[in-house]
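Observations on the three-dimensional arrangement
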Amino acid sequence: MRLSELLHCHVIDAGGASLGSVVDVLAVWDGPPSDGSDATLRIAGLVVGRRGIGVRLGFHRARMTGPWPLASLLDRLERRSSYVEWEKVTSRDADTIRVSARRSDLRPPPPLPR
Amino acid sequence: MKRAVQVTLGILTAIGGFVDIGDLVANSETGARFGLNLAWVVVVGVIGIIVFAEMAGRVATVSRRPVFDLVRERLGPAFGLANLIASFFINFLTLTAEIAGVAIALSLVASVDYLLLIPFAAFLVWLVIWRLPFQRMEQLFGLLGLALIVVLVTVVKIGPDWNDLFRQAAHPHVPSQETPFTYAYFAIALFGAAMTPYEVFFFSSGAVEEKWTLSDLTLNRANVFVGFPLGAVLSLSLMVGAALVLQPRNISVDQLSQVGLPTVFALGKVGLATVLVGIFAATFGAALETGLSAGYTVAQYLGWPWGKHLRPDQAPRFHLVVLLSIAVATLFGLSGVDPVKVTEYSIVLSAAALPLTYFPILVIANDTDYMGDKTNGRWVNAIGFIYLVVLVVIAVATIPLMIITKGGA
Amino acid sequence: MAERQYYLGLDLLDRQLVADDGSLVGKVDDLELERCDGGDELCVTALLSGPGVLAQRMGRRYGGWVQQAQRALGRAGGDPTRIPLARVVSIGSHIELAPGSDELAGPAMDHWVNEHVIGHIPGSRHAPE
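Numbering of residues starts from 1 in every chain and runs along the sequence as written. Chains carry letters from A onward and ligands carry numbers from 1 onward, assigned in written order. Reporting in this predicted model follows two pLDDT cut-offs: at least 70 for local features of residues, and 80 or more for side-chain atom pairs to be given and counted; totals over whole chains, interfaces and linings ignore these cut-offs and use all residues.

**A few points about the overall build of chain C**
Secondary structure is summarised from DSSP: a helix means a run of H or I of at least four residues, a strand means a run of E of at least two, and numbering begins at the N terminus for each. A tally of regular secondary structure across chain C gives 4 helices and 8 strands. Its helices and strands taken in sequence order, chain C reads β-α-β-β-β-β-α-α-β-β-β-α from the N to the C terminus. Exposed residues have 12 or fewer other C-beta atoms within 10 Å of their own C-beta, buried residues have 20 or more, and residues in between are partly exposed; the C-beta atoms are placed from the backbone. Taken across its 129 residues, chain C has 41% of its residues classed as buried. Remark: residues whose backbone-derived C-beta atoms lie within 7 Å of one another are considered to be in contact. Of the contacts formed within chain C by residues at least 6 apart in sequence, a portion of 49% connects residues at least 24 apart.

And the structure:
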């Protein structure tokens, strides 16, 4: 499958409530990128939300230095999107993903500082 | 001396970009119609282009990623494509106007109809892009464009009451025969002429073409702070010249040749010859920039190899886009469209489209992933954000104003 | 070296692909995902690049159109270009690839344009001077 098929999938929580759609996907690189064929880029979790704009622009990462007040505005907006670990995905078809978590238990996407 | 030659990228960007057919027409036209009541817009415009170009040049220097690369990366493929189509179209209008401008400048010397010279002018533009190395190109047309300093000499020669001029410019009002709508419309036209997006496409791609590195960041700043203010001084001189010579005689500017009238009035034949060289260099430089920008934008969006530092057969798709754009612009110019009208629409639409490219650059200039410790400082961000708001307001207001004033008539 | 985390949409999609010799060879138009070692987890196995992939990402119909157009042009070297993850050297403001990029679609299309248009114009094989 392709990443674009995963993005925009509708996400539904354990209580059947909609969490929005997949706006980005967090992946972990096991081992340095350059050491050849064994390295894998494994999907660790989904960023789920109603609006993807702040995520699309990168404002959920701790690597943006401004511009004020845009940064704080979009950052606040993105706190409303949530991060779901891949282990919590219970079922997945062409356009819907069900997860075993509830909205109230979810946290914002990790900021990945460098 | 080496340093002095190196700011030619800024001078070419400024002469062929800041002062191009758009500024020649818009500044003369508003000078003749509004006196100095719109002079403040040139100042607002030049600060804007300095902020925009400095950021784009810095991002390109640090990350080697020019504007349209980042537009797609940060805005996504769909919105990026819409952005590309809009920018490409406006750039195409400008390219048509500049080629016509080159032909008009030549026709004033050769005394033949400018339409006959359009294919020749277009071929010359293409040939320079095809054959001349980037640095030679910018040095030649940057230095030739300095002939436009004659418009400043014109104003000095006329010897106006400087205090009075300054007072007029500092107390702008809507002239009695104009409406607030035409005033606003021409303000946007002037602003779009000063802050045209292709200047930034060209400048940021030029930084990559010249292989600028971190140590060239000072050069980036020097280019921006020398080139654009020089362009602004020349623009204001055009406006003052028109206000002093054309406005009292009720001459309105609807042809490119009328741009030289104040200089002819003040300096005679030598003035005319010099101003023609300047107009030729400015429109030719801008034709080069817009011709290249057609290729830059498409290639950078799609990830193709691009640039004049490569052999044409190393960047064939880039050169194909440039060639086709110039060919179609030639046909459009030959169809008999009024070059001044094309110019007016291109600068007004440029102003409307500015947020599309300005916004992603402002965002990336704050991303430490790209910029390391070279992200925007607090002041740049403060001014940068104010301009973002200004650009969005202008973008929203442009089309309604265009309809209300029937294109500034 | 510690494991590194990436937001795939932000840090990989739409980034410039750069070959080992510094030449630009396309964009990351999509990513190929497969189950890692047959488990429940998904892994990125390859970067995909090419106009067909890009068009498909924006809408299935457009992808079909682009692929048809390409077939009509009779271009060799299938679309999409698939770059195995092992070829990726670094991920930053661009994606750097290890040597061996001959099978990429970008150079193939450049070759086609050269053969049909640009290569016929005098001076195409000379650096500007």
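**Considerations on the interface of chain C and chain A**
Interface extent is often summarised as the accessible area lost during association of the parts. Taken together, the contacts link 27 residues of chain C with 26 residues of chain A. Note that Gly is not counted as nonpolar here; it falls among the polar residues with everything else outside the nonpolar set of Ala, Val, Leu, Ile, Met, Phe, Trp, Tyr, Cys and Pro and the charged set of Asp, Glu, Lys and Arg. When the residues that make up the side of chain C that touches chain A are grouped by side-chain class, the tally is 18 nonpolar, 3 polar and 6 charged. In short, DSSP must find at least two bridges between two strands for them to pair. As defined by bridge partners, strand 2 (residues 18-30) of chain A adjoins strand 1 (residues 4-7) of chain C across 4 bridges and the pair is classed as antiparallel. When the bridges of strand 1 of chain C are listed, Leu26(A) appears paired with Tyr7(C).

**Considering the confidence of the model for chain B**
Confidence scores labelled pLDDT are given residue by residue by the predictor and lie between 0 and 100. When pLDDT is averaged across chain B, the result is 91; 96% of the residues are at 70 or more. Looking across chain B, the model is least confident in helix 1 (residues 2-6) of chain B, with a mean pLDDT of 59, and most confident in helix 15 (residues 316-334) of chain B, with 96.

**Brief notes about the sheet that holds strand 2 (residues 16-18) of chain C**
The pairing of strands in a sheet comes from backbone hydrogen bonds and takes either a parallel or an antiparallel form. All names here are of chain C. Reading across from one edge, 3-2-8-7 is the order of the 4 strands in this open sheet, with mixed pairing throughout. Each of the sheet's edge strands pairs with one partner strand only, and the pair in question is strand 3 (24-27) and strand 7 (88-91). Direction aside, neighbouring strands of the sheet carry axes that sit 25 degrees apart on average. The pairing of strand 2 with strand 3 spans 3 bridges and is antiparallel. In the sheet register, Val 18 faces strand 3, and the bridge partner there is Leu 24. Structural elements are reduced to axes, namely lines fitted to C-alpha atoms, with helices fitted over the stretch in contact, and the angle between N-to-C directions of any two is expressed from 0 to 180 degrees.

**Thoughts on the packing of helix 11 (residues 180-194) of chain B against helix 18 (residues 378-404) of chain B**
Residues and elements named next belong to chain B. In contact at an axis separation of 10 Å, helix 11 and helix 18 are set at 125 degrees when each is read in the N-to-C sense. The angle between helix 11 and helix 18 falls in the class oblique. In this structure, the crossing between helix 11 and helix 18 has a hand that is left-handed. Along the contact surface, helix 11 presents Phe 181, Ala 184, Tyr 185, Ile 188 and Phe 191, while helix 18 presents Ile 394, Ala 397, Thr 398, Leu 401, Met 402 and Ile 404. Grouping the constituent residues of the contact of helix 11 with helix 18 by class yields 10 nonpolar, 1 polar and no charged. Orientation is classified from the angle alone, with under 35 degrees giving roughly parallel, over 145 giving roughly antiparallel, 65 to 115 giving roughly perpendicular, and any other angle giving oblique. Should the near helix be turned anticlockwise from the far one by less than a right angle, the crossing is left-handed, and should it be turned clockwise, the crossing is right-handed.

**What about the pairing of strand 6 (residues 81-84) of chain C?**
All names here are of chain C. In strand 6, alternate side chains face the same way, and those of Thr 81 and Ile 83 are buried while those of Arg 82 and Pro 84 on the opposite face are not. Note that strand 5 (residues 42-49) and strand 6 share 4 bridges and pair antiparallel. Across the sheet, residue Ser 49 finds its bridge partner in strand 6, namely Thr 81.

**Digging into the confidence of the model for chain C**
The predicted coordinates of low-pLDDT regions are not to be read in fine detail. Residue and element names in this part refer to chain C. In this model, chain C carries a mean pLDDT of 81, and residues with pLDDT of at least 70 account for 81%. For chain C, helix 3 (residues 60-73) is the element with the lowest average pLDDT, namely 68, and strand 2 is the one with the highest, namely 92. Across the assembled chains, the prediction reports ipTM 0.88 with pTM 0.91.

**Quick look at the nonpolar core**
Counting 199 residues, the largest nonpolar core has Val59(B), Ile99(B), Val125(B), Leu190(B) and Ile361(B) as the members making the most contacts within it. In contact with Val125(B), other than residues within four places in its own chain, are Ile99(B), Phe284(B), Ala287(B), Leu288(B), Gly291(B) and Ile326(B). For our purposes the nonpolar core covers buried Ala, Val, Leu, Ile, Met, Phe, Trp, Tyr and Cys residues that link as a set through C-beta atoms within 7 Å.

**A few points about the interface of chain B and chain A**
Taken together, the contact between chain B and chain A spans 13 residues of the former and 12 residues of the latter. Going through the elements one at a time, helix 16 (339-364), helix 17 (368-371) and helix 18 of chain B are the ones with two or more residues in the side of chain B that touches chain A. It is helix 18 of chain B that contributes the most residues to the side of chain B that touches chain A, 3 residues altogether.

**Describing the pairing of strand 4 (residues 82-85) of chain A**
All names here are of chain A. Residues of strand 4 alternate between two faces, with Ser 82 and Val 84 buried on one and Tyr 83 and Glu 85 left unburied on the opposite face. Sheet analysis places strand 3 (residues 40-49) next to strand 4, joined by 4 bridges and oriented antiparallel. Looking at strand 4, one finds that Leu 46 is bridged to Val 84.

**Here's the deal with helix 18 of chain B**
Residue and element names in this part refer to chain B. By definition here, a helix of n residues has an expected span of 1.5 Å times n minus one. End to end, helix 18 covers 39 Å across 27 residues, agreeing with the expected 39 Å (1.5 Å per residue, within 8%). Along its length, helix 18 shows its largest kink, about 35 degrees, at Thr 398, and proline Pro 400 lies within four residues downstream of that point. For helix 18, the set of buried residues is Asn 381, Gly 384, Tyr 387, Leu 391, Ile 394, Thr 398, Leu 401 and Met 402. Bend is computed residue by residue as the angle between axes fitted to the seven residues ending at the residue and the seven residues starting at it.

**Some points on the packing of helix 6 (residues 77-110) of chain B against helix 14 (residues 261-302) of chain B**
Residue and element names in this part refer to chain B. Interaxial distance between helix 6 and helix 14 falls to 8 Å at its minimum, and their mutual angle equals 155 degrees. What the angle tells us is that helix 6 and helix 14 run roughly antiparallel. The way helix 6 lies across helix 14 gives a crossing that is left-handed. Taken together, the residues of the contact of helix 6 with helix 14 break down into 18 nonpolar, 10 polar and 1 charged.

**Comments concerning the environment of Val125(B)**
Within the secondary structure layout, Val125(B) lies in helix 7 (residues 114-131). For Val125(B) and Ala207(B), which are 82 residues apart along the polypeptide, the C-alpha to C-alpha distance reads 21 Å.

**Details of unusual backbone geometry**
In this structure, Lys406(B) takes a positive phi of about 50 degrees despite not being glycine. Take Lys406(B): it is sitting in the segment after helix 18. Of the residues examined, Lys406(B) has 10 C-beta atoms within 10 Å and is grouped as exposed. Non-glycine residue Asp14(C) carries a positive phi angle of around 70 degrees. Among the residues examined, Asp14(C) registers 24 C-beta atoms within 10 Å and is labelled buried.

**What about helix 12 (residues 197-209) of chain B?**
Residue and element names in this part refer to chain B. Spanning 13 residues, helix 12 covers 18 Å between terminal C-alpha atoms, matching the ideal 18 Å at 1.5 Å per step. A large share of helix 12 lies buried, amounting to 13 of its 13 residues. A positive phi of about 55 degrees marks Lys 211, the residue just after helix 12.

**Examining the environment of Ile364(B)**
Residue and element names in this part refer to chain B. Relative to the assigned elements, Ile 364 resides in helix 16. Taking the C-alpha atoms as reference points, Ile 364 and Ser 204, 160 residues apart in sequence, are found 13 Å from one another. Sequence-distant contacts of Ile 364, defined by excluding residues within four places in its chain, comprise Val 59, Leu 70, Arg 74 and Tyr 370.

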